[in-house]
Amino acid sequence: MSVSTSVTARRLAAAVLAAGALVGSASVSASAAAQPHADRSHVAISRVQSDAPGFDDRSARSLNAEWVEITNSGRRGINLDGWTLSDRDGNRYTFHHYRLGGRATVRIHTGYGRDTSRDLYQDRRNEVWDNRSDAATLRTERGRFVDSVSWGRHHDRDDNRGHGRDDHRGHGGH
């Protein structure tokens, strides 16, 4: 092999190695970019109490007995900042500066209270969830659909997520 052939072979080998490194880093970047979507798939509406037990009198006790639970079944925490929880009438709750830990659940109450890692409050003075028929929909900060649970007439799915006093998909009432 001549010296020029040897140099050419080395340059070709270096180019192949550099291309391989670029492809490897691109696949790592692609998998890292896909991670938030994969994590989002672990977040779901796990339970709903739409029909607060007792008389709906708009008291703090009654309003806070109306709630939606959201569970992160994944191992990693998820930043829910900017995510929304809404009903069919357009009532919307937006999460502010909240991170749902891995394998954790948060309960979002309709009424007033002091937010904690396990309980958040919408600070409303009226019921949100209709007792007879409604839907709770969870979306990301960019408006992408994450999950929805409906009950009553025209519900989208019935998967026994134990909601309401009668362990059905009932939610709080207007």
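About the thresholds
- Residues numbered from 1 in each chain as written.
- Predicted model: local features only at pLDDT ≥ 70, side-chain atom pairs only at ≥ 80, totals over all residues.
- Heavy atoms only, no water.
- Helix = DSSP H or I, 4+ residues; strand = E, 2+ residues; numbered from the N terminus.
- Buried < 20%, exposed > 50% of the residue type's maximum accessible area, 1.4 Å probe, protein only.
- Contact = heavy atoms within 4.5 Å.
- Areas by Shrake-Rupley, 256 points an atom, 1.4 Å probe, with all protein chains shown as cover.
- pLDDT = per-residue confidence, 0-100.
- Pairing = 2+ DSSP bridges.

Quick look at the overall build of the protein
Item 1. For the protein, the helix and strand inventory stands at two helices and ten strands.
Item 2. In sequence order, the protein lays out its α and β elements as α-β-α-β-β-β-β-β-β-β-β-β.
Item 3. A burial count over the protein gives 37% of its 174 residues as buried.
Item 4. Across the protein, every contact between residues at least 6 apart in sequence was considered, and the portion connecting residues at least 24 apart equals 57%.
Item 5. When the accessible surface of the protein is summed, it comes to about 10,400 Å², and 51% of that surface belongs to carbon and sulfur atoms.

Side note on the confidence of the model for the protein
Item 1. For the protein, the mean per-residue pLDDT works out to 78, and 65% of the residues sit at or above 70.
Item 2. Ignoring residues within four places in sequence, the model shows residues 19-36, a span with pLDDT below 50, making one contact including any to other chains.
Item 3. Counting contacts from residues 156-160, a segment whose pLDDT is below 50, to residues more than four positions away or on other chains yields nine contacts.

A closer look at the environment of Arg47
Item 1. By the element assignment, Arg47 lies in strand β1 (residues 43-49).
Item 2. A C-alpha to C-alpha distance of 9.9 Å links Arg47 and Thr105, two positions 58 residues apart in sequence.

Here we look at unusual backbone geometry
Item 1. One non-glycine residue with positive phi stands out, namely Arg103, at about 55°.
Item 2. As for its position among the elements, Arg103 is in the loop between β6 (99-100) and β7 (104-109).
Item 3. With phi around 60°, Asp123 is a residue other than glycine that occupies positive phi space.
Item 4. Within the secondary structure, Asp123 sits in the loop between β8 (119-121) and β9 (134-139).

Quick word on the pairing of strand β10 (residues 145-151)
Item 1. Across the seven residues that make up β10, a large majority, six, are buried.
Item 2. Sheet topology note: the β9/β10 ladder contains six bridges and is antiparallel. Bridging across to β10, Ala136 finds its partner in Val149.
Item 3. Here β9 folds back onto β10, and the loop between the two strands holds five residues, one of which, Gly143, carries a positive phi near 85°.

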